[in-house]
Amino acid sequence: MNTRYSVFVLLLVLLACNTTQDTTMVKSEIIDKDVQFVEKLIADMTLEDKVGEMTQLTIDMVSVGAPYALQEPHTFDEEKLQNVLVDLKVGSILNCGGHAYTRDHWEKIIRTIQDYAVNKKESGIPVLYGIDAIHGTNYTTGATLFPQQLGQAATWNLDLAKACGEVTAYETRASGIPWTFSPVLDIGRDARWPRLWETYGEDMHLASELGVAYIDGLQGDDMSDAHKVASCMKHFLGYSVTLRGRDRTQAWIPERQLREYFLPTFQAAMDAGSKTIMINSGEMNGIPVHANSKILVDLLRDELGFTGLAVTDWEDVGYLVSRHKVAKDFKEAIKISINAGIDMAMVPTDASFPTILAELVNEGQVPMSRIDESVKRILLVKKELGLFDTPVVDFASYTDFASAKHEAKALMTAEESIVLVKNKENFLPLNAEKNILVVGPNADRLSAMNGGWTGTWQGDNPMYDTKGKLTVLAALKAKSQGKVSFAEADQAVNAAASADVIVACLGEGPYTEKPGDLDDLNLDEDQIELIKALKETGKPIVLVMLEGRPRVIRKIVDDAEAILVGFLPGDEGGKAIANVLYGDVNPSGKLPVTYPRFSNDIVTYDHKGTDKIDRKFGTDAFNPQWEFGYGLSYTQFSYSNLLVSPTSNGMHVSVTVTNDGAIKGKEVVQVYVQDLVATITPSAKRLRAFDKIELAPGSSRSLSFMISKEDLSFVGVDNKWVFEPGEFKVECGGLYKNLTL
Ligand code: BGC
């Protein structure tokens, strides 16, 4: 390099350093300015203003009709608007009155609400509207609907998770709403739980990575951007694994497991800048989390340093009285939960909350400092979202709402979410000349692909299906030129006579939360019987499982030539499945949960040594139907050159992957590590790194991964993270290597 050139480069480097410094400074200056703005505002606020800010009511409370029984079409009640927004100064409203609205209606809703808050209320503080936009903007008619989180997890594709966040943010803001109660960061380790499909699956590493990518898509760097919204990590903490597998029943989770299994996803999301958090409705170790200051203050604030806003889950202050029975009345429940660290109460149907809270403050039962702390957090979110400057977005500017561009991303996500778990003698893809008989309860139902939080809470009202979207049956017909027919269960055996192949769409209907509680994880008996009867016809069967949790199908697995699993692939699921069945898409999904073989044997892939001992003291008792991470392709990948070497802070792993087949395909390269000896019983293995790559036929790629000692650590005897030196076994694509660190 000549001297002049090196001086020039040096100058560039210096300039670049300066710019970075400038950007950081600008960013921190903005944060300081926001804080100053909020502090100044608080100084002028009355106690009534403040407790109003801490209150969140459902839209039902300002609408015509009783809560849960609104008049149709949805209409506002002027008197209630005045009372709730102006007199009580309620700072946040949530959700819709029972079902999705058009964007035009959302515009009316948001304009009206912000008009009351900004123009009619004295303080002029805008309302923070929050909604469950869970897999796209599912409460706005016509919005782009992605796979649910478990389906997104099956893609193992961080770019797609981010894309889902971006599209959801865009379309939610396009509906005037700046805050979504998403993502679910509970870890999905119990297949019985009716919200399993709302999670990113059973593994902490996979779920953390996906959560971070999604939040990045939702929030970006600047939440005031007209295409971004605030995320809400939920449900903090320990919600997903109850003793009975039923929603909102008691959980017993020791501190070690809490820290090692349940905390990492939240920790990662906080580090990624998520601004709000929703609290777990359940009770853990005998204490409702909404009443537990050890979780809400000691852990969340003091230890993790979270500075954002903590909102309750639905009615959870009231439930401290009616369900949990730790408070004698609503007033005591408010006192307990606010003093335990709640900032905003999703009350959501009792407008007495702010008045009682003010009373508690006046009586000295809730300190004013506690109120100010919460109000500051709430107002900061409003400020960072830009609501003080733009309480109502320019609805006309969102020309990409439900665009072909967004639909293409949802379709790609749906396609990559489909997991091929069986393909005997390469039965799939199907030849276009074959006559296909489609059967099964989920063949012609969009709701079976979308699940809950779709149009309605339970997602079970076809009135709110997105118009023009294709079910599996419709998508197969659209591709097949007269080769596809459908038969109801009672006609299926007869109809099979003229078919070459039977495609049976089985699984579950839509549900979420309590209504989705289950008595038996086995697939419903009538579906098993349908397959047994069809098997008698001798015609080959392909199973398409559409489900929110892995329903046990052991009895029919051998009856099928091929099996696809779709964990709620969303509105594009029909097309995605048809594309996979006909081979236009090479499947690349991998299971984000271990698929159980027996309903009494729900074990995760990262089980302990004792989970492997069977009744006869053998060692093969970990015997799921299919393991976490499993999924086939229409091409074959081979792995070679697995090399592991120690580094100053962990290990370096490299491997070569080759596409040995005749078509291109995507492969998820998964690196697992087993800690061979540890003071806390080590897991059989743990996913420590992964990458999804695409390879043309015949081509190879070398990948390398750095795995740090921190990645290899666990929560030790004193409940603190620890790395213990020793021997580790690395596994990648069926190859193994040991090394000592
Ligand atoms: C659910 C939350 C949801 C909230 C608001 C609750 O019942 O547990 O996940 O965000 O309702 O709809």
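Quick note: structure is the one above.
Owing to the predicted nature of the structure, the values given are computational and were not obtained by experimental measurement. Residue indices begin from 1 for each chain and proceed along its sequence in written order. With the structure being a predicted model, the display of local features is reserved for residues of pLDDT at least 70 and the display and counting of side-chain atom pairs for 80 or more, all residues being used for whole-chain, interface and lining totals. Side-chain numbers here rest on the full set of heavy atoms in the structure, without hydrogens or water.

Explanation requested: the site of the ligand in the structure shown.
The environment of the ligand is made up of 14 residues, and the closest members are Asp132, Arg195, His235, Arg248 and Asp313. We call two N or O atoms a polar contact when they sit within 3.5 Å, provided that within protein one can donate a hydrogen and the other can accept it, with sequence-adjacent residues counted only if both atoms are side-chain atoms. Contacts to the ligand include Arg195, whose side-chain N or O atom sits 2.7 Å from an oxygen atom. One of the side-chain N or O atoms of Asp313 is found 2.5 Å from an oxygen atom in the ligand. In these tables, accessible area is a Shrake-Rupley quantity obtained with a 1.4 Å probe, and a residue counts as shielded only by the protein chains included in the view. The protein chains hide 96% of the 310 Å² of surface that the ligand would expose on its own. Any residue with a heavy atom lying within 4 Å of a molecule or strand is counted as near it.

Sorry, what's going on with the environment of Asp460 here?
Only runs of H or I of at least four residues qualify as helices and only runs of E of at least two qualify as strands under DSSP, and these elements are numbered from the N terminus. With respect to the helices and strands, Asp460 occurs in the loop between helix H15 (447-450) and helix H16 (472-480). Each residue's exposure class comes from its accessible area (1.4 Å probe, protein chains only) as a fraction of the maximum for that residue type: buried when under 20%, exposed when over 50%, partly exposed otherwise. When its relative accessible area of 47% is taken as the criterion, Asp460 is described as partly exposed. Expressed as a C-alpha distance, the spacing of Asp460 and Gly661, which sit 201 residues apart in the sequence, is 42 Å.

Could you clarify how one ought to interpret the packing of aromatic side chains in this entry?
The relative placement of two aromatic rings is captured by the distance of their centres and the angle of their planes. Think of it this way: a Phe, Tyr or Trp ring, Trp meaning its six-membered ring, pairs with another when their centres are within 6.5 Å, and the plane angle makes it stacked under 30 degrees, edge-to-face over 60, tilted otherwise. Across all of its chains, the model carries 15 aromatic pairs by this definition. With a centroid separation of 5.3 Å and 65 degrees between ring planes, the pair formed by Tyr101 and Trp106 is classed as edge-to-face. Neither Tyr101 nor Trp106 differs from the other in exposure class; each is buried. Both rings, one in Tyr595 and one in Trp626, keep their centres 5.2 Å apart while their planes meet at 80 degrees; by these two values the pair is edge-to-face. One end of the pair, Tyr595, is in the loop between helix H20 (573-581) and strand E19 (637-647); the other, Trp626, is in the loop between H20 and E19, and 31 residues separate them in sequence. When its relative accessible area of 0% is taken as the criterion, Tyr595 is described as buried.

Whenever I open this one, the pattern of salt bridges confuses me. Can you help?
Oppositely charged side chains are able to pair whenever their charged atoms sit close together. In the sections that follow, a salt bridge refers to a side-chain nitrogen of Lys or Arg positioned within 4 Å of a carboxyl oxygen of Asp or Glu. In this structure the tally under the stated criterion is 44 salt bridges. Note that Lys666 and Glu416 form a salt bridge whose closest N and O atoms lie 2.5 Å from each other. Of the two residues, Lys666 sits in strand E21 (residues 665-675) while Glu416 sits in helix H14 (residues 404-417), which places them 250 residues apart along the sequence. Using a relative accessible area of 5% as the deciding quantity, one classes Glu416 as buried. Sharing partners across several salt bridges, the network here consists of Arg195, Glu198, Asp247, Arg248, Asp313 and Glu513.

Even after reading the chapter, I still don't get the sheet that holds strand E27 (residues 735-740), so can you show me in this structure?
Hydrogen bonds between backbone groups are what pair the strands of a sheet, and the pairing can be parallel or antiparallel. Spatially, E22-E21-E26-E27 is the arrangement adopted by the four strands of the open sheet, whose pairing is antiparallel. On the outer flanks of this sheet lie strand E22 (686-695) and E27, each paired with one strand and no other. Strand-to-strand twist of the sheet, defined as the mean angle between neighbouring strand axes without regard to direction, takes the value 20 degrees. Examined bridge by bridge, strand E26 (residues 727-732) and E27 share six bridges and lie antiparallel to one another. Its bridge partner being in E27, Phe728 is matched across the sheet by Leu739. A pair of strands counts as paired when DSSP detects no fewer than two bridges linking them. A fitted line through C-alpha atoms represents every axis, and for helices the fit uses only the stretch in contact; the resulting angles, taken between N-to-C directions, go from 0 to 180 degrees.

Any functional reading would require information that these geometric values do not contain.
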